[in-house]
Amino acid sequence: MPRYELALILKAMQRPGTSAALRRTVETLMERGAVVRDLENLGERLLPYKINKHNQNHLRGSYFLIDFYAAPSILTRLLDHLHRDVDVVRPTVLKKDDQVASSNCCGS
Amino acid sequence: MLVLRGFQRITSVLLQQGNTSLRSLTTTSNVVQHNEDMLIKMENPYKEPQKGCLLCNVSVDFKNTQLLSQFISPYTGRIYGRHITRLCSRKQKEVAKAIKKSHAMGFMSVTHKHPEFMKDPHVCGKHLE
């Protein structure tokens, strides 16, 4: 089961640029001992609001979702690394729990 | 003395009518004591199945911005309260948390509703239609 989920928003680039950025990200993940389970592309779309990052105003971005298993100790340094990457607009790491149908809802 | 006599009369009556009426006497005094028309204890046969809230069996996710956009105002992007969405407390909390999460992660707009989702069915409140 995936332990963490990285919702990555990359700068709107051409295909080779995006693939290079993704490759870099996954390689850093694997270097730190994470096991990448799944990589989903949620498409390139207009950002919900203007995001100012690395001295650039971004209007469009490509959304990716990376599921991975990792030790919790690597997360802070990983996030730090991702914030410094110029091509990454917004990285967010979330814990992933599969407890959807755990209990009765609404008492019915 | 009088009390004793009354008691004796009641007991003799009970013995004549049998054991069934004894139950009704001891429980309520409003019940008419007939042998055939005894109240049968059963669940309310006209009971309706309990209706859950809208999102009873639906999982709420921060990626599902279309679903989340149904619970925000199209003009200001504010999250509707429980008295408007009519969700149960658990689901309302989940929806609110998911909306705030997607705001922070850059998935959903904060100040308005995405124009793509404007034509979605109105799920919250009747006066907004």
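Residues numbered from 1 in each chain as written. Chains lettered and ligands numbered in written order. Predicted model: local features only at pLDDT ≥ 70, side-chain atom pairs only at ≥ 80, totals over all residues. Heavy atoms only, no water.

Rules: UniProt positions are given in the numbering used here, feature names are shortened, and annotations may be inferred rather than shown by experiment.
The name recorded for chain B in an unreviewed UniProt entry is Small ribosomal subunit protein bS18m, from Eleginops maclovinus. Recorded in UniProt for chain B, the comment headed Subcellular location (unreviewed entry) runs: "Mitochondrion". One UniProt comment on chain B, placed under Sequence similarities (unreviewed entry), says "Belongs to the bacterial ribosomal protein bS18 family."

Per an unreviewed UniProt entry, chain A goes by Small ribosomal subunit protein bS6m and derives from Eleginops maclovinus. UniProt lists a comment for chain A under the heading Sequence similarities (unreviewed entry), and it reads "Belongs to the bacterial ribosomal protein bS6 family."

Considerations on the overall build of chain A
The line we're drawing: Here a helix means four or more residues in a row that DSSP labels H or I, a strand means two or more in a row labelled E, and each is numbered from the N terminus. We call two residues in contact whenever any of their non-hydrogen atoms come within 4.5 Å of each other. Calculation of accessible area relied on Shrake-Rupley with a 1.4 Å probe; when residues are assessed, cover is drawn exclusively from the protein chains displayed.
A tally of regular secondary structure across chain A gives two helices and four strands. Put simply, 73% of the contacts in chain A that link residues at least 6 apart link residues at least 24 apart. About 6,300 Å² of surface is accessible on chain A, with carbon and sulfur atoms providing 49% of the total.

Points about the nonpolar core
Counted only if it meets this: The nonpolar core is taken to be a set of buried Ala, Val, Leu, Ile, Met, Phe, Trp, Tyr and Cys residues, with the residues joined through side-chain atoms within 4.5 Å. Throughout, exposure labels follow a simple rule: accessible area from a 1.4 Å probe, protein chains only, divided by the maximum for the residue type, with under 20% read as buried, over 50% as exposed, and the rest as partly exposed.
Formed by 20 residues in total, the largest nonpolar core has its most connected members in Leu-6, Leu-8, Leu-10, Ile-66 and Phe-68 of chain A. Secondary structure elements with two or more residues in this core: β1 (4-11), α1 (15-31), β3 (56-69), α2 (75-84) and β4 (88-95) of chain A. Residues contacting Leu-6 of chain A, with those up to four places away along its chain left out, are Thr-25, Phe-64, Leu-65, Ile-66, Phe-68, Leu-82, Pro-91, Thr-92 and Val-93 of chain A. Cys-53, Leu-55, Val-60 and Leu-68 of chain B belong to the second largest nonpolar core, which has 16 residues in total.

Observations regarding the interface of chain B and chain A
Note the threshold: When two components associate, each loses some accessible surface as probed by a 1.4 Å sphere; the sum of these losses over both components is called the buried area. The working definition used for a salt bridge is a side-chain nitrogen of Lys or Arg within 4 Å of a carboxyl oxygen of Asp or Glu. Any pair of N or O atoms that falls within 3.5 Å is considered a polar contact. Within protein, one atom must be able to donate a hydrogen and the other to accept it, and sequence-neighbouring residues count only if both atoms are side-chain atoms. Residue polarity follows a fixed list, in which Ala, Val, Leu, Ile, Met, Phe, Trp, Tyr, Cys and Pro are nonpolar, Asp, Glu, Lys and Arg are charged, and the others, Gly among them, are polar.
Between chain B and chain A, the contact holds 21 residues from the first and 20 residues from the second. Here chain B meets chain A over a buried area of about 1,500 Å², counting both sides, of which 63% is carbon and sulfur. For Lys-63 of chain B, the salt bridge goes to Glu-5 of chain A, with nearest N and O atoms at 3.0 Å. Counting every contact that joins chain B to chain A gives four residue pairs in polar contact (both at pLDDT 80 or more). Considering only residue class, the side of chain B that touches chain A consists of nine nonpolar, seven polar and five charged.

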